[in-house]
Amino acid sequence: MTTDPHADARQRLLAEIDADFADTAADTGCARAGDAVRAALLAVPRERFVPAPWRDDAFDNRPLPIGHGQTISQPFIVALMTELLALRSHERVLEIGTGCGYQAAVLARLARQVVSVEIVPELSARAAATLAELGVHNVELHVGDGHAGWPAGAPYDAIIATAAPAQLPPAWLEQLAPGGRLVAPIGAHGGAQWLQCWHKDALGRATPRRALAVRFVPLVGGARDT
Ligand code: SAH
């Protein structure tokens, strides 16, 4: 059996994530990451997704640069958003903003299939290579403007955005299945952004549930909302 040289660092990071969950529970309604999310966080090697100069920092609870002016989210935020999605193993999830593919790899351990859209072709290509190296086969990557979601795969049981639009693009709610959950940062770049969690009921009515003040990179691209 091979032992993980970073096992202690991963446990330390999980303890910091636990502390952040406790600190924000009043806002998020989420006191702790569940066992499935914890296991996924321990199993996915974040250090493999960040560019070489940042490998040693991969166990810190903070965002890191991934090139093209983009960042991989803070591990606590990845954990929180994943927890809020409440994924079940037979479900399909759409991610807007593949970036380095780390969040997609975490989702891939919890859902049957992940469809992920990225606007920067080079980032998508690198994410594809990393996911292949790690043997992750249930992530389908596409290059495109995530404002439109990915209609070909709709409806999705869950949708997660890792870049912030000024307003929720209508396509996202349209592509959410009844009973589905959507977690996204919403708000103008440089202004206030809130993590919103939407739930679509059996009749197709969607209501936002929770909010936490966050700071994400903006959702860029053609169908820009003002
Ligand atoms: N989930 C990613 C986080 C990446 S940061 C990870 O785990 O690494 C957000 C990503 O959204 C960036 O890669 C950025 O290029 C991408 N992005 C920004 N605007 C987009 C758009 N309109 N459509 C798709 N992706 C977009």
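These notes cover the structure that comes with them. (Residues numbered from 1 in each chain as written. Predicted model: local features only at pLDDT ≥ 70, side-chain atom pairs only at ≥ 80, totals over all residues. Heavy atoms only, no water.)

1. With respect to the side chain of arginine 181
The condition that has to hold: We count a stretch as a helix when DSSP gives it H or I for four or more residues in a row; a strand needs E for two or more, and each element gets its number in order from the N terminus. Here a polar contact is recorded for every N or O atom pair within 3.5 Å, except that within protein the pair must consist of a potential hydrogen donor and a potential acceptor, and residues adjacent in sequence are included only if both atoms are side-chain atoms.
Relative to the assigned elements, arginine 181 resides in strand E7 (residues 176-186). A polar contact is formed between the side chain of arginine 181 and the side chain of glutamate 91, at a distance of 2.6 Å.

2. A look at the site of the ligand
Cut-off, in case you're wondering: For this purpose, a residue is taken to be near a molecule or strand whenever a single non-hydrogen atom of the residue falls within 4 Å of it. In this description, accessible areas are obtained by the Shrake-Rupley approach with a 1.4 Å probe, and a residue is regarded as covered only by the protein chains that are shown.
In the region of the ligand, 26 residues are neighbours, and Glu95, Glu118, Asp145, Gly146 and Val220 sit closest. A distance of 3.1 Å separates an oxygen atom of the ligand from a polar backbone atom of cysteine 100. At 2.4 Å from a nitrogen atom of the ligand is found a main-chain nitrogen or oxygen belonging to valine 220. In the complex, 99% of the free accessible area of the ligand, which totals 570 Å², lies under the protein chains.

3. Side note on helix H2 (residues 35-43)
Test applied: Burial here depends on accessible area, computed with a 1.4 Å probe over protein chains only, as a share of the maximum for the residue type. Under 20% is buried, over 50% is exposed, and the range in between is partly exposed. The directions from the helix axis to the C-beta atoms are what the arc is built from. Note on definitions: a residue-residue contact is assigned when non-hydrogen atoms from the two residues lie within 4.5 Å.
The set of residues buried in H2 consists of Val37, Arg38, Ala40 and Leu41. Seen from one end, H2 has its buried residues packed into an arc of 165°, which puts them on one side. For H2, the secondary structure elements touched by its buried residues are helix H1 (7-28), helix H3 (75-85) and helix H4 (102-108).

4. Points about the packing of aromatic side chains
Our working definition: Only the six-membered ring of Trp is used, alongside the rings of Phe and Tyr, when aromatic pairs are assigned; centres must lie within 6.5 Å, and planes under 30 degrees apart are stacked while those over 60 apart are edge-to-face, with the rest tilted.
The tally for this structure, following the rule as stated, stands at two aromatic pairs. Seen from their ring centres, phenylalanine 21 and phenylalanine 76 are 5.3 Å apart, and the 85° between their planes marks the pair as edge-to-face. You can see phenylalanine 21 sitting in helix H1 and its partner phenylalanine 76 sitting in helix H3, a full 55 residues away along the chain. Here the two residues phenylalanine 21 and phenylalanine 76 agree in accessibility, since each one is buried. Consider the rings of phenylalanine 49 and tyrosine 102, whose centres lie 5.7 Å apart with planes at 70°: the pair is edge-to-face. Within this pair, whereas phenylalanine 49 is found in the loop between H2 and strand E1 (64-67), its partner tyrosine 102 is found in helix H4, the two being separated by 53 residues in sequence. Judged by relative accessible area, which is 3%, phenylalanine 49 ranks as buried. Tyrosine 102 sits in the buried class, given a relative accessible area of 4%.

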